[in-house]
Amino acid sequence: EGGADSFNLLVPLGKCRGKDMYAEYAKARGRNIALSKEELLSIDATGSNQICDTFGINKNFPILQELYNAKQAVFFANTGIISRPSDKHDYKGQGISIFAHNHMRNANYDVDPRQQQPETGVGGRLLDVLRTHGLQTAANVVDGSGRICQGSNFYGNPVWHVDTKRAARIDEHSSVGPRMLQ
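Residues numbered from 1 in each chain as written. Predicted model: local features only at pLDDT ≥ 70, side-chain atom pairs only at ≥ 80, totals over all residues. Heavy atoms only, no water.

1. A few points about the state of the cysteines
Chemically, a disulfide is nothing more than a covalent bond linking the sulfur atoms of two cysteines. Scanning all chains against the criterion turns up 1 disulfide. The disulfide that involves Cys-16 links it to Cys-52, with 2.0 Å between the sulfurs. Residues Cys-16 and Cys-52 are joined by a disulfide whose S-S torsion is about 100°; by sign, that bridge is right-handed. Linking Cys-16 in strand E1 (residues 10-16) with Cys-52 in strand E3 (residues 52-58), this pair joins segments that are 36 residues apart in sequence. (Disulfide = S-S within 2.5 Å. Helix = DSSP H or I, 4+ residues; strand = E, 2+ residues; numbered from the N terminus.)

Structure (structure tokens):
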């Protein structure tokens, strides 16, 4: 039930068009919070249609740099849940409390501000799409609600719940097959 300071995870670093985005980041965050350039692992975002071609990842997360460079990870930056375009003068009336952590967390589980697919989560809908392409899908939820992983009942993607406080019996009819359970 926590959060991540994403502004100190992925930072604009260089080769920015029109302005120095790292300087803007450092000024906005302040010297006590902003990461120095020496605390960042560089990644090349050339061709990503971002304002900068170089970003930095917090040096405490080298696995993210490795995965990104191997094309095994992507970043979704500056995303949020709003139902219509807005600015600082008319941000109210979005249908959710955009400054409340719990409301935004729940909205990010759904990513459905217009309630077009109620009772489903963004992860579950992604699994549904994969299923339509012939892939076998399932999700695991550790110590939480499976709301983010809930897809359409039509596709029947299993969602397994894992409780870290007590051991649970393994599903003997799992999709991994009996040889995996021996």
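2. Quick notes on the side chain of Thr-137
Within the secondary structure, Thr-137 is located in the loop between helix H4 (122-132) and strand E4 (139-142). Among all residues touching Thr-137, those that are not within four sequence positions of it are Leu-127, Leu-130, Arg-131, Asn-157 and Pro-158. (Contact = heavy atoms within 4.5 Å.)

3. Brief notes about the sheet that holds strand E2 (residues 40-44)
Within the open sheet, the 3 strands sit side by side as E1-E3-E2. Their pairing is antiparallel. The sheet is open, and its two edges are formed by E1 and E2, each paired on a single side. The mean inter-strand angle of the sheet, taken between neighbouring strand axes irrespective of direction, is 30°. Bridge analysis of E1 against E3 gives 5 bridges, and the strand direction is antiparallel. When the sheet's bridge partners are listed, Pro-12 is paired in E3 with Phe-55. (Pairing = 2+ DSSP bridges. Axes fitted to C-alpha atoms, helices over the stretch in contact; angles between N-to-C directions.)

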